[in-house]
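# Examining the three-dimensional arrangement
What follows is each chain in one-letter form.
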Amino acid sequence: MLQLIADGLVVGSVIALGAVGLTLTYSILRFANFGQGEFMTWGAYLAVSALAVVLAATGAGVMEPLGPFSFGWQLIVAMILAAALTAVLALLVDWLLFRRLRRGNAITLVIASFGAALALRNLVQFLYGTLPEYYTREIQIAIRLVPRDVLGGLRITPDQMLVIGLTLVLMLALQGLLTRTTLGRAMRATAQNPALARVAGVDVEGVIRATWVIGAALAAVAGVLAGVVGQVRPGLGFELLLPLFAAAILGGIGSVRGAVVGGYIVGLAESLSVPLVGAEYRAATAFVVLIGILLLRPTGLFGERA
Amino acid sequence: MELLPVLNYLAFFLVFAGIFAVMALGLNLQWGFCGLFNVGVAGFVAVGAYASALLTGPPEPERFGGFGLPVAVGWLGAMGFSGLAALVVGLAALRLREDYLAITTFGIAVVIQLVALNAQALTGGPFGIQSIPKPFADALGTGLGWNLAYLGLVLAVLGLAWWALERLVASPWGRVLRAIREDELAAASLGKRASAFRLQSFVIGCMLMGLAGAMYAHFVGYIAPEDFLPVLTFQIWAMLIVGGSGRNAGAVLGAVLVWAIWSAAGTLIREALPAAEQARGAALQVVLIGVLIAAILVLRPRGVLGERATVSRHAG
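Residues numbered from 1 in each chain as written. Chains lettered and ligands numbered in written order. Predicted model: local features only at pLDDT ≥ 70, side-chain atom pairs only at ≥ 80, totals over all residues.

Further remarks concern the overall build of chain A. Each helix and strand counted, chain A has 11 helices and 2 strands in total. Each helix and strand of chain A, placed in order from N terminus to C terminus, yields the pattern α-α-α-α-β-β-α-α-α-α-α-α-α. Taking 19 Å as the expected radius of gyration for a compact globule of 306 residues, we find that chain A reaches 19 Å, a close match to that expectation. With the C-alpha coordinates aligned to their principal axes, the bounding extent of chain A is approximately 60 × 50 × 35 Å. Taken across its 306 residues, chain A has 51% of its residues classed as buried. Expressed as a percentage of contacts within chain A between residues at least 6 apart in sequence, the contacts between residues at least 24 apart total 76%. (Helix = DSSP H or I, 4+ residues; strand = E, 2+ residues; numbered from the N terminus. Rg over C-alpha atoms; globule rule 2.2 N^0.38 Å. Buried ≥ 20, exposed ≤ 12 C-beta atoms within 10 Å, placed from the backbone. Contact = placed C-beta atoms within 7 Å.)

Residue and element names in this part refer to chain B. For helix H7 (residues 144–170), built from 27 residues, the straight-helix expectation of 39 Å at 1.5 Å per residue is met to within 8% by its first-to-last C-alpha distance of 38 Å. Those residues of H7 that sit buried are Asn 147, Tyr 150, Leu 151, Val 154, Val 157, Leu 158, Ala 161, Leu 165 and Val 169. Looking at the buried positions of H7, the neighbouring elements they touch are helix H1 (3–32), helix H8 (172–182), helix H10 (194–220) and helix H12 (248–272). (Expected span 1.5 Å × (residues − 1).)

Once that is clear, we can look at the UniProt feature "transmembrane region" (unreviewed entry) in chain B. Mapped onto the present numbering, the UniProt feature "transmembrane region" (unreviewed entry) falls on residues 6–29, 36–55, 67–93, 100–123, 143–165, 202–222 and 281–299 of chain B. Taken end to end, residues 143–165 of chain B comprises 96% helix and 0% strand; its first and last C-alpha atoms sit 33 Å apart. (UniProt positions renumbered as here; feature names shortened; annotations may be inferred.)

The interface of chain A with chain B comprises 34 residues on the first partner and 33 residues on the second. Secondary structure elements with two or more residues in the side of chain A that touches chain B: helix H3 (73–101), helix H4 (106–128), helix H9 (236–251) and helix H11 (284–296) of chain A. The leading source of residues in the side of chain A that touches chain B is H4 of chain A, at 15 residues. Broken down by class, the residue content of the side of chain A that touches chain B amounts to 26 nonpolar, 6 polar and 2 charged. (Nonpolar A, V, L, I, M, F, W, Y, C, P; charged D, E, K, R; others polar.)

Attention shifts here to the nonpolar core. If you look at the biggest cluster of nonpolar residues, it comprises 211 residues, and the most contacted ones within it are Val 20 of chain A together with Phe 20, Val 22, Met 23, Ala 24 and Val 45 of chain B. Top contributing element to this core by residue count: helix H8 (residues 204–229) of chain A, with 16 residues. Contact partners of Ala 24 of chain B, with chain neighbours within four places excluded, come to Ile 236, Met 239, Leu 240, Ala 251, Val 252, Gly 254 and Ala 255 of chain B. (Core = buried A, V, L, I, M, F, W, Y, C linked by C-beta atoms within 7 Å.)

This part takes up the packing of H3 of chain A against helix H13 (residues 278–299) of chain B. A packed helix pair is summarised by two numbers, namely the angle formed by the two axes and the spacing between the axes. Axis separation between H3 of chain A and H13 of chain B bottoms out at 9 Å; the angle between their running directions is 45 degrees. Here H3 of chain A is positioned oblique relative to H13 of chain B, judged by the angle of their axes. Of the two possible hands of crossing, H3 of chain A and H13 of chain B adopt the one that is left-handed. Taking contact as the criterion, the partners of Leu 97, Arg 100 and Leu 101 of chain A in H3 of chain A are, on H13 of chain B, Ala 294, Leu 297 and Val 298 of chain B. Grouping the constituent residues of the contact of H3 of chain A with H13 of chain B by class yields 5 nonpolar, no polar and 1 charged. (Axes fitted to C-alpha atoms, helices over the stretch in contact; angles between N-to-C directions. Parallel < 35°, antiparallel > 145°, perpendicular 65-115°, else oblique. Left-handed = near helix turned anticlockwise from the far one by under 90°.)

The next subject is the environment of Tyr 222 of chain B. Residues and elements named next belong to chain B. Note on placement: Tyr 222 falls in the loop between H10 and helix H11 (230–243). A count of 13 C-beta atoms within 10 Å places Tyr 222 in the partly exposed class. Expressed as a C-alpha distance, the spacing of Tyr 222 and Phe 44, which sit 178 residues apart in the sequence, is 17 Å.

Take the environment of Val 229 of chain A next. Residues and elements named next belong to chain A. Counting through the fold element by element, Val 229 comes out in helix H8. Val 229 gets classed as partly exposed once you count the C-beta atoms within 10 Å, which come to 18. It is 6.8 Å that separates the C-alpha atoms of Val 229 and Asp 159, two residues lying 70 residues apart in sequence. If near-sequence neighbours (up to four positions away) are discounted, Val 229 is found in contact with Val 10, Asp 159, Gln 160 and Val 163.

Pasting the structure below:
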């Protein structure tokens, strides 16, 4: 039982990071971006390449593990590079595609994001192939936090703890950015009423760019973390897309806090459903959560507007 | 060049184009006439294909189904089950924001794919269902004659669907659909319940997709979960967007065009790349479709044969 909860928290962290970006673009750009999952995939793969570059540049053949973790400082540098590059990718897609469609119907943007997602996912598959990649081959020993006779016990690796911790730190930082800085206020104003924000002197195009940068960078970090505790595969982001949407809608579109809470709820629901329905139907749990919230409370737990 | 293989390939190509055209017609009813964004096309097609395969197939001890019913019953059953799935999804999602339907249909397609892969006792799991009966194969064999006969059948169904849809959208019912798409508030103020019309259009569109799925199953004679991956949904969307949504002719033309581009790109990649790179080449084929959707949306949003703007003579 405890073990399932811990696993759910790790998966939930990845979902939460991705869902925050989704909920931001949803509320500020006003469309459901089916490409969000692909930013996670691209982030994870760009980190693979960045890691190779960093390792080659420093002349170190293999990573020396950092403390209890399975990876060295090189992966942290690679993750930051990957986040920056994914943000550039998001801006590029926006400039090529979404910017030109913004005046039209919101659903046109959804279709466009659908086409973009398809192209991005298969481009990864073309460039990197279909075989899974790993950042490190280091085997980690899980630490036993709770003995086996208490609620089934709990074992967790330092990497997994880092995933949960880093997610919480990033979310607190983002919450601070949104509530305490001028950019954050401008973003929230644009989400509420773009026309009014523009009249009040908010640079709406700048806000949109900032939204893409934040959303894509967080997605890239989520992708790297998913790769650290699992494998880097071309389907990584696509398989998380449904949980991302479920988390964002569960939390209420536009609410960062809601997306985080939603991410953890979906992660826990997936993990706890495994003994009930079997691992092969794990992915269907997110759909059940989604239908449930749409039927019971379509504005979500922390929804700001209908 | 031998004539027979060319004819055979042509028949094969056109049967697929016809089946895709039926799916595109269903999607056009939903998106083109009603503005409903369905991202689960592959799921509804799969429901139809599996339903018909189970209803008409020979009994199988390991698996549920195999009732050996006539093919026509299987096709009607396919429409019924796809319509039922659409009804469930529609009731949950249609009363909400329009993009929630997109997310929900995406989800149902994922779940249907999971069931197809894992519910061995119902769907045969990853190996799928074999020996789906081919109609009139007893009389015609399985050569060119049968391919041509099946082509005739597909074209007849396509024609029937086209005729029925043209009648439907020209009727007062179709006018209400377009009115809702353009201005829901105005339509509602005339006493038209938007949600009911949306649900009807969504269910009928999905029934056509199920029927197309059944036609696919009985043509190939074998279905497996990987026949109904999200890329199928993308293909149908590309067809509708390229051809031009809002007109049935656009949907059918788009089906033929995109299927031709897809097949040509596939052949080109097979010829140009060594065997080891084939899997990566297939990915490039999908990139092409994605870029095509995006490019048409930006450059020619109405498609090749888009709906003409209808402006009242009194406006002005």
